Amino acid sequence: MSAPIVRPLAELRALVRGWKSRGESIGVVPTMGALHEGHLSLVRAAKASCDRVIVTLFVNPRQFNNAEDFARYPRTEHADAELLGPLGVDALFVPDGDEVYPPDHATVISVSGVTAPLEGAHRPGHFDGVATVVTLLLNMTQADRAFFGEKDWQQLQLVRRLVQDLKLPVEIVPCPCVRAGDGLALSSRNQRLTAEGRARAATLPQALFEAVARIEAGEPAEATLAAAQAGLEAAGFAPVEYLALRDGETLGEPQPGRPARLLVAAWLDGVRLIDNLAVTLP
Ligand code: AMP
């Protein structure tokens, strides 16, 4: 059985009212669809700690800084509902674009600081789109807990900042990145890779794992990252937009004694891949 698809906001609100009146807790998993095991791991985590689970499916036009990327983004709503049915999802909320952003919509949520470097520098407007839609989805679902993947590390830090700053009554639950057998982080965009590109794509996580091991063993970060980047370029990644060691929370310069993160964005086969790993500085 497929998960029930709910489209009008009024219908979602009626469901949520009923659940809340019975004292049931609500978890939400925001997605853009084309679901894979990474998304499903978030749904399982939500099911494990919430009475009711809403998965949202909205390909948010405001977070695409490239119209072609938006047009080409995979849309597989019915297959998504079928995947979610057996997991016991209570509602797959698929709002219409016009209901999320009516023509007179005029409010943009913008989080500074954590959004400035890396993805923020390379994708102008992207994080304003993310912050705005996440705020809307949290308000629409009234969830007690919201589940986000560590796959999108900078986005997760943005969401934490946003919820703290706006004092939103929701707990943000981070979930580990799910990888394919060869290490590639699962992503809806992976299906756009050619078979040959998909085979080569594992070079990306391998380069990250190797660089983290070297940095943790005390090798100088700058030289290690330069070598890793050269390896990726030799493997056909073009361009490597960034490969950077940052503070895990602020995304600023890494600080001794604080968790650090190695983050990468690189193109292969015309597909933009991102990944990240934790680093314990020596
Ligand atoms: P998306 O549909 O790409 O917007 O992703 C929806 C949510 O799923 C986000 O919180 C992502 O971080 C999370 N997600 C995507 N891929 C993975 C993965 N491989 N492992 C864990 N979470 C993921």
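Identification of the protein chain as Pantothenate synthetase from Paracoccus versutus is taken from an unreviewed UniProt entry. According to its UniProt record, the protein chain has this under Subcellular location (unreviewed entry): "Cytoplasm". According to the UniProt record, the Pathway (unreviewed entry) comment for the protein chain is "Cofactor biosynthesis; (R)-pantothenate biosynthesis; (R)-pantothenate from (R)-pantoate and beta-alanine: step 1/1."

Our focus in this paragraph is the pattern of salt bridges. This model, assessed by the stated rule, comprises 20 salt bridges. Between Asp182 and Arg198 there is a salt bridge, with the nearest N and O atoms lying 2.8 Å from each other. Here Arg198 lies in helix H9 (residues 195-201) and Asp182 lies in the loop between strand S6 (171-175) and H9, a separation of 16 residues in the sequence. You can call Asp182 partly exposed: its relative accessible area is 32%. Residue classification places Arg198 among the partly exposed positions, given a relative accessible area of 24%. Shared partners join several salt bridges into a network, and the residues in it are Arg22, Glu24, Arg52 and Asp90.

Moving on: the state of the cysteines. The tally for this structure, following the rule as stated, stands at zero disulfides. There is no disulfide at Cys175, and the cysteine sulfur nearest it, in Cys50, is 10 Å away. No disulfide involves Cys177; its sulfur sits 11 Å from that of Cys175, the nearest cysteine.

Turning to the pairing of strand S3 (residues 52-57), a few remarks are in order. The buried fraction of S3 amounts to five of the six residues, a majority that puts the element mostly inside the structure. Of the pairings in the sheet, the one linking strand S2 (residues 26-31) to S3 comprises six bridges and is parallel in character. Among the inter-strand pairings, Ile26 is bridged to a residue of S3, identified as Arg52.

The interhelical angle for the contact between helix H10 (residues 203-216) and helix H11 (residues 221-234), taken along N-to-C directions, is 165°, at an axis separation of 10 Å. Relative to H11, the element H10 lies roughly antiparallel. Between H10 and H11 the crossing geometry is right-handed. Across from Thr203, Leu204, Ala207, Ala211, Arg214 and Ile215 in H10, the residues of H11 making contact are Ala221, Thr224, Leu225, Ala228 and Leu232. When its residues are assigned to classes, the contact of H10 with H11 shows eight nonpolar, two polar and one charged.

Basis of the calculations
Residues numbered from 1 in each chain as written. Predicted model: local features only at pLDDT ≥ 70, side-chain atom pairs only at ≥ 80, totals over all residues. Heavy atoms only, no water. UniProt positions renumbered as here; feature names shortened; annotations may be inferred. Salt bridge = Lys/Arg side-chain N within 4 Å of Asp/Glu carboxyl O. Helix = DSSP H or I, 4+ residues; strand = E, 2+ residues; numbered from the N terminus. Buried < 20%, exposed > 50% of the residue type's maximum accessible area, 1.4 Å probe, protein only. Disulfide = S-S within 2.5 Å. Pairing = 2+ DSSP bridges. Axes fitted to C-alpha atoms, helices over the stretch in contact; angles between N-to-C directions. Parallel < 35°, antiparallel > 145°, perpendicular 65-115°, else oblique. Left-handed = near helix turned anticlockwise from the far one by under 90°. Contact = heavy atoms within 4.5 Å. Nonpolar A, V, L, I, M, F, W, Y, C, P; charged D, E, K, R; others polar.

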